[in-house]
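# Understanding the architecture of this molecule
Listed below, chain by chain, are the residues.
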Amino acid sequence: MTFRKRDGLFLLIVAAVFITFYVISGSIKTTRVPYDQTHRPFYEMRDAGMKKIEVDAQCERCHDGEQIAFPPEHPAKPGEAPMRCLFCHKLEDR
């Protein structure tokens with residue numbers, strides 16, 4: 001079996017794809033849900049065994065875009081789609 005130029009180019013492209021995914025995967029870039037008096041019930045819901053999607057439904061009571069504004073580049077806005085806050089904003093490890 002001979003190693004041709006085409007094989008080398010293929011391996012180079014595969015390596016570039018893996019390196020790109022590694023570079024962009026980095027650490028969590030979104031803010032974590034703080035463990036404070038306001039957000040403590042969310043931690044308790046999680047500890048009680050509720051699913052993230054059930055806990056997410058409670059976020060919009062305060063994070064409705066009026067009481068607490070969303071940054072312009074925020075991907076989801078209240079009322080547009082199902083709010084999946086805990087998909088990006090992780091609960092702190094205690």
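Residues numbered from 1 in each chain as written. Predicted model: local features only at pLDDT ≥ 70, side-chain atom pairs only at ≥ 80, totals over all residues. Heavy atoms only, no water.

Turning to the nonpolar core, a few remarks are in order. One finds Val33, Phe42, Tyr43, Met45, Val55, Cys59, Phe70, Met83, Cys85, Leu86 and Leu91 forming the largest nonpolar core, which totals 11 residues. For this core, the elements supplying multiple residues, two or more each, are α2 (40-47) and α4 (85-88). The leading source of residues in this core is α2, at three residues. Not counting the four nearest positions on each side in its chain, Met45 is found in contact with Met50, Val55 and Gln58. (Core = buried A, V, L, I, M, F, W, Y, C linked by side-chain atoms within 4.5 Å. Buried < 20%, exposed > 50% of the residue type's maximum accessible area, 1.4 Å probe, protein only. Helix = DSSP H or I, 4+ residues; strand = E, 2+ residues; numbered from the N terminus. Contact = heavy atoms within 4.5 Å.)

So, about the packing of aromatic side chains. Taken as a whole and assessed by the stated rule, the structure comprises one aromatic pair. With a centroid separation of 4.8 Å and 85° between ring planes, the pair formed by Tyr35 and Tyr43 is classed as edge-to-face. Judged by relative accessible area, which is 33%, Tyr35 ranks as partly exposed. Judged by relative accessible area, which is 1%, Tyr43 ranks as buried. Over the face of the ring belonging to Tyr35 we find Arg40, whose NZ or CZ atom lies 4.8 Å from the ring centre. For the cation-ring pair, Lys90 lies above Phe87, with the distance from its terminal atom to the ring centre recorded as 5.9 Å. (Phe/Tyr/Trp six-rings, centres within 6.5 Å; stacked < 30°, edge-to-face > 60°. Lys NZ or Arg CZ within 6 Å of the ring centre and 35° of its normal.)

It is possible for side chains bearing opposite charge to pair when their charged atoms get close. Here the structure, examined in full by the defined rule, presents two salt bridges. The closest approach of N and O atoms between Arg46 and Asp47, which form a salt bridge, is 3.2 Å. (Salt bridge = Lys/Arg side-chain N within 4 Å of Asp/Glu carboxyl O.)

Structurally, His39 can be placed in the loop between α1 (5-25) and α2. Looking at His39, the relative accessible area reads 16%, which means it is buried. Apart from the residues lying within four places of it in its own chain, the contact partners of His39 are Val33, Pro34 and His63.

Next up on the list: the environment of Cys88. One can find Cys88 in helix α4. Separated by 59 residues in the primary sequence, Cys88 and Lys29 have C-alpha atoms spaced 8.8 Å apart.

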